[in-house]
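So the chains spell out like this:
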Amino acid sequence: LGDLPTVDDILGNLPSLTGENGRYSVFGKGIAVIYINNRKVIDSSEIRRIRPKDIRQIEIIGNPGAEFDADVPAVIRIRLKKAFLDGFGTDIMVYGSQGRRFSDYGQLSLSYGTGPVNIFAVISDNTSRYDSDQSNREEVYTSAGLWTLDTDMPRWESKYSDFTATGGINVQISPGHSAGIKATYTDDSHKNGGTKHNRTFLDNVNLELYDAETYITGGYRQ
């Protein structure tokens, strides 16, 4: 496995592990917390910065002991041939998908390590959008005749966006202890709307024509 191009490729081929892009589950346990040597991984780009030839051992711990947090279901410990990730690291990831709606995701990760200190920042934006063309007809039979309501939305646009920025610093105090701080800002927003055409008929007589431009926006910041 050491000849594979990335650490994610190695982890994806280990028995009892499933997942990708720095997020892995141990069979029967749940999502694992990843450690590089004795330091907890905060930013998944740290994993992509490791070259497989720099790995000495990968250990899967299904029953973490007292040295880990009590709520950790499983641990993946990556032991390196050298102690720290030194220097600057940059990782850019962009992908798009097309289904009922188009979705795109972009992420920029920056990190700097020197000795026991690791500084990191991650900026990501996840957006999905789609256009629709809807037509509806409602018919009601009464003693006065046949009432018909036609509603046409020739172009209805929807857009959802999730922006996240995270930054922090981690310091390894001793082989078994580290301390750090992390701050995260998120901004979720959505916008949808378009043109509506409403027509009301009694039998075949057009009684009313109503056109409207409608847009709904919303957001949540934390």
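Computed from a prediction, not measured in an experiment: that's the story for all the values here.

K.L.:
Explain the overall build of the protein residue by residue, including any values.
P.N.:
Broken down by element type, the protein carries 2 helices and 13 strands. Relative to its length of 222 residues, the protein is extended, with a C-alpha radius of gyration of 27 Å against a globular reference of 17 Å. Along the three orthogonal principal directions, the C-alpha set of the protein runs to about 85 × 35 × 35 Å. Across the 222 residues that make up the protein, the buried fraction comes to 34%. Considering only intrachain contacts with a sequence separation of at least 6, the fraction spanning at least 24 residues in the protein is 56%. Accessible surface, the protein as shown: approximately 13600 Å² in total, 52% of it carbon and sulfur. The average position of the 24 basic charges and that of the 29 acidic charges among the side chains of the protein differ by 10 Å.

K.L.:
Describe in detail the sheet that holds strand β10 (residues 117-142), supporting the description with residues and values.
P.N.:
Strand order in the open sheet formed by 6 strands is β8-β9-β10-β11-β12-β13, and the pairing between neighbours is antiparallel. If you trace the sheet from one side to the other, it starts and ends with β8 (87-98) and β13 (205-221), each paired once. Averaged over all pairs of adjacent strands, the angle between strand axes in this sheet comes to 10 degrees, irrespective of strand direction. Note: strand β12 (residues 177-202) against β13, 16 bridges, orientation antiparallel. Paired with Asn 192 across the strands is Ile 216, a residue of β13.

K.L.:
An account of the pattern of salt bridges is requested, with residue identities and associated values reported.
P.N.:
Applying the stated criterion across every chain, the model contains 8 salt bridges. Glu 157 serves as the salt-bridge partner of Arg 155, at 3.0 Å between the closest nitrogen and oxygen. Among the salt bridges present, the one from Asp 187 reaches Arg 221, with a minimum N-O distance of 3.3 Å. Remark: Arg 221 occurs in strand β13 and Asp 187 occurs in strand β12; sequence separation between them is 34 residues. Among the charged side chains, a salt-bridge network with shared partners connects Glu 59, Arg 77 and Arg 79.

K.L.:
A description of the side chain of Gln 107 should follow, citing residues and the corresponding values.
P.N.:
Tracing the backbone through its elements, the reader meets Gln 107 in strand β9 (residues 102-114). Exposure remark for Gln 107: the relative accessible area of 11% places this residue in the buried category. A polar contact of 3.2 Å, which involves the side chain of Gln 107, links it to the side chain of Ser 109. When sequence neighbours within four positions are dropped, the list of residues in contact with Gln 107 reads Arg 48, Asp 91, Ile 92, Met 93, Val 122, Ile 123 and Ser 124.

K.L.:
If you had to explain the packing of aromatic side chains to someone new, which residues and values would you point to?
P.N.:
Following the criterion strictly, the structure yields 2 aromatic pairs and no others. Judged by centre distance (4.5 Å) and plane angle (45 degrees), the ring pair of Phe 88 and Tyr 112 falls under tilted. In this pair, Phe 88 sits in strand β8 while Tyr 112 sits in strand β9, placing the two residues 24 residues apart along the sequence. Residue Tyr 112 is classed as partly exposed on the basis of its relative accessible area, which comes to 31%. In this structure, Lys 191 is placed above the aromatic ring of Tyr 215, and the distance from its NZ or CZ to the ring centre is 5.4 Å.

K.L.:
Tell me about the nonpolar core, residues and numbers included.
P.N.:
Grouped together as the largest cluster of nonpolar side chains are 18 residues, with contacts concentrated most on Val 7, Leu 11, Ile 34, Ile 50, Ile 55, Ile 76 and Ile 78. Those elements that place two or more of their residues in this core are α1 (7-12), β2 (23-26), β4 (33-36) and β7 (75-80). Other than its neighbours up to four places away in sequence, Leu 11 contacts Leu 17, Tyr 24, Ile 58 and Ile 76.

K.L.:
So what's going on with the side chain of Ser 132? Residues and values would help.
P.N.:
When you line up the elements, Ser 132 lands in strand β10. Among the polar contacts made by the side chain of Ser 132, one reaches the side chain of Gln 134 at a distance of 3.3 Å. Residues contacting Ser 132, with those up to four places away along its chain left out, are Met 153, Pro 154, Arg 155 and Trp 156.

K.L.:
Requested: an account of unusual backbone geometry, with residues and values cited.
P.N.:
If you check the backbone angles, Ser 16 has positive phi at about 75 degrees while not being a glycine. Structurally, the position occupied by Ser 16 is in the loop between α1 and β1 (17-20). Under the relative-accessibility criterion, Ser 16 is labelled partly exposed at 37%. You will see that Asp 203, though not glycine, has its phi angle at about 55 degrees, which is positive. Its place among the elements puts Asp 203 in the loop between β12 and β13.

The rules behind the values
- Counting restarts for each chain, with residues numbered from 1 along the sequence as it is written.
- Under the rules for a predicted model, residues below a pLDDT of 70 receive no local features and side-chain atom pairs below 80 are neither given nor counted, while totals for whole chains, interfaces and linings still include all residues.
- Note that water and hydrogens are dropped before the side-chain values are worked out from all heavy atoms of the structure.
- Under the scheme used here, helices are H or I runs from DSSP no shorter than 4 residues and strands are E runs no shorter than 2 residues, and both carry numbers assigned from the N terminus.
- Values of the radius of gyration come from C-alpha atoms, whereas the globule rule sets the reference at 2.2 Å times the count of residues to the power 0.38.
- When accessible area is computed with a 1.4 Å probe and restricted to protein chains, residues below 20% of their type maximum are described as buried, those above 50% as exposed, and intermediate ones as partly exposed.
- Contacts are residue-level and defined by heavy atoms, with any inter-residue pair within 4.5 Å sufficient.
- Under the convention used here, a 1.4 Å probe and the Shrake-Rupley method define accessible areas, while residue burial counts only the protein chains that appear.
- The positive count covers Lys and Arg only, the negative count covers Asp and Glu only, and His and the chain ends enter neither.
- Working definition for charges: the position is that of NZ of Lys, CZ of Arg, CG of Asp or CD of Glu.
- Whether two strands pair comes down to DSSP finding at least two bridges between them.
- A fitted line through C-alpha atoms serves as each axis, taken over the contacting stretch for helices, and the angle formed by two N-to-C directions is quoted from 0 to 180°.
- Salt-bridge detection follows one rule: a side-chain nitrogen of Lys or Arg within 4 Å of a carboxyl oxygen of Asp or Glu.
- Under the rule applied, a polar contact is a pair of N or O atoms within 3.5 Å (in protein, one hydrogen donor and one hydrogen acceptor; residues adjacent in sequence only if both atoms are side-chain atoms).
- Here is the rule: rings of Phe, Tyr and Trp (six-membered ring for Trp) pair when centre to centre is within 6.5 Å. Planes less than 30 degrees apart are stacked, more than 60 are edge-to-face, and the remainder are tilted.
- Here, a charge over a ring is recorded when the distance from Lys NZ or Arg CZ to the ring centre is within 6 Å and its angle to the ring normal is within 35 degrees.
- We define a nonpolar core as any set of buried Ala, Val, Leu, Ile, Met, Phe, Trp, Tyr and Cys residues linked to one another through side-chain atoms lying within 4.5 Å.

Read these as spatial facts, not as claims about activity.
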